[in-house]
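Coordinate analysis (summary)
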Amino acid sequence: MAGKVFRMIVGRVLVALALLLPVSVMAQREYSPNFSIGGKAGATLSRMSFSPEVHQKFTQGLTMGLACRYTEEKIFGLIGEINVTQRGWAEDFAKDEAPEFSYSRTLTYVSIPVMTHIYFGSQKFRGFFNLGPEVGFLLGSSIDANFDYDNYKNIPNFPQGSRTNEQLAMAVDRKFDYGIVGGAGMEIVIKRRHSIMLEGRYYFGLGNIFKDSKRDFFAASRNNSIEISLKYMIRVK
């Protein structure tokens, strides 16, 4: 008798679990995965990490490109981009008491970051963090100077001595660049499938643009860049 009652109770529990399982699964899947694409545009402030030290300051540039985002969980996703990004540096001649001279070099890259995307907030307004690796390929290098940088040693009153000048006429040796990028920002959802993202980002380069063997002048020549961009995203799934 007791065994019969036990089997009856177990049977009813199994039936109840079978009925509750779909509800539980639906609750867990309340947030469906989505895929978004969009475009971005913004500005950069860049300088280099040189060793030996170079007297420099930030130079301004532009960035623009395409982005895609995939989110699987409520707070986690991935973002990938293909951008055209300007980096480089500007010489700081004020430190050498020679402000009449000016020099800046712009390095234009195709940059491809792939980042972990962590976000939080409501359905209308969210904050987020992005972090991941980035690779780039140099498209071109341009120099803007008001003096003959190939012949600076023969220019009257040009600062030399303790100042590093070898980089002025040195050609970029390595077109491939790589590093780590991280940023934070906010997202405003305009409609269910449309949103605007404002982000501040920092790129820390790990590769050198000049040769860095023991026989070469520079031991380090790495890109560093701050980026502010506006992104428009459309959810397609």
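In this text the structure is predicted, and so the values were computed from the model without any measurement.

Rules and cut-offs
- Residues numbered from 1 in each chain as written.
- Predicted model: local features only at pLDDT ≥ 70, side-chain atom pairs only at ≥ 80, totals over all residues.
- Heavy atoms only, no water.
- Helix = DSSP H or I, 4+ residues; strand = E, 2+ residues; numbered from the N terminus.
- Buried < 20%, exposed > 50% of the residue type's maximum accessible area, 1.4 Å probe, protein only.
- Contact = heavy atoms within 4.5 Å.
- Pairing = 2+ DSSP bridges.
- Salt bridge = Lys/Arg side-chain N within 4 Å of Asp/Glu carboxyl O.
- Phe/Tyr/Trp six-rings, centres within 6.5 Å; stacked < 30°, edge-to-face > 60°.
- Lys NZ or Arg CZ within 6 Å of the ring centre and 35° of its normal.

**Re the environment of Met 186**
On the secondary structure map, Met 186 appears in strand β7 (residues 176-191). On the basis of relative accessibility, which here comes to 33%, the residue Met 186 falls in the partly exposed class. It is 5.6 Å that separates the C-alpha atoms of Met 186 and Arg 126, two residues lying 60 residues apart in sequence. Met 186 has contacts with Phe 125, Arg 126, Gly 127, Phe 128, Ile 196, Met 197 and Leu 198, leaving out every residue within four places of it along the chain.

**Description of the pairing of strand β4 (residues 76-91)**
With two bridges connecting them, strand β2 (residues 56-57) and β4 associate as antiparallel partners. What sits directly across from Lys 57, in β4, is Ala 90. Summarising the sheet, β4 and strand β5 (residues 103-121) pair through 13 bridges and their orientation is antiparallel. Residue pairing across strands places Gln 86 opposite Thr 108, the latter belonging to β5.

**So, the pattern of salt bridges**
Following the criterion strictly, the structure yields 14 salt bridges and no others. Between Glu 134 and Arg 87 there is a salt bridge, with its nearest N and O atoms 2.9 Å apart. Of the two residues, Glu 134 sits in strand β6 (residues 125-145) while Arg 87 sits in strand β4, which places them 47 residues apart along the sequence. For the pair formed by Glu 134 and Arg 87, the shared burial category is buried. One salt bridge connects Asp 212 with Arg 174, and the closest N-O pair in it is separated by 2.9 Å. Of this pair, Asp 212 sits in the loop between β8 (194-208) and β9 (220-235) while Arg 174 sits in the loop between β6 and β7, placing them 38 residues apart in sequence. Arg 174 sits in the partly exposed class, given a relative accessible area of 31%. Within the structure, one salt-bridge network assembled from shared partners comprises Lys 40, Glu 81, Glu 199, Arg 201, Glu 227 and Lys 231.

**What about the side chain of Ser 229?**
By the element assignment, Ser 229 lies in strand β9. Apart from the residues within four sequence positions on either side, Ser 229 is in contact with Lys 40, Ala 41, Gly 42, Met 197, Leu 198 and Glu 199.

**What to know about the environment of His 194**
With respect to the helices and strands, the residue His 194 is situated in strand β8. Residue His 194 is classed as partly exposed on the basis of its relative accessible area of 26%. A C-alpha to C-alpha distance of 6.4 Å links His 194 and Arg 235, two positions 41 residues apart in sequence. When near neighbours in sequence (up to four residues on either side) are disregarded, His 194 contacts Ile 188, Val 189, Tyr 232, Met 233 and Ile 234.

**Looking at the packing of aromatic side chains**
Applying the stated criterion across every chain yields a total of 17 aromatic pairs. Judged by centre distance (5.1 Å) and plane angle (40°), the rings of Phe 50 and Phe 218 are tilted. Taken together, the residues span a long stretch of sequence, with Phe 50 in strand β1 (residues 34-51) and Phe 218 in the loop between β8 and β9 at a distance of 168 residues. Plain terms: the ring middles of Phe 147 and Phe 158 are 5.0 Å apart, the flat faces sit at 50° to each other, and that makes the pair tilted. Of this pair, Phe 147 sits in the loop between β6 and β7 while Phe 158 is found in the loop between β6 and β7, placing the two residues 11 residues apart along the sequence. The exposure classification of Phe 147 matches that of Phe 158, with both residues buried. One aromatic cluster is present, formed by Phe 50, Trp 89, Phe 93, Phe 101, Tyr 103, Phe 147, Tyr 149, Tyr 152, Phe 158, Phe 210, Phe 217 and Phe 218 through successive ring pairs. Above the plane of the ring of Phe 58 lies Arg 47, whose end atom (NZ or CZ) is 5.6 Å from the centre. Just above the ring of Tyr 203 sits the side chain of Arg 87; from NZ or CZ to the centre is 3.9 Å.

**Here's the deal with the pairing of β9**
Consecutive side chains of a regular strand alternate in pointing toward one face of the sheet and then the other. Bridging between β1 and β9 involves 16 bridges; their strand directions are antiparallel. The residue bridging Ser 49 from the neighbouring strand is Arg 222, located in β9. Across 12 bridges, β8 lies against β9 in antiparallel orientation. Considered in β9, the bridge of Leu 198 is made with Leu 230.

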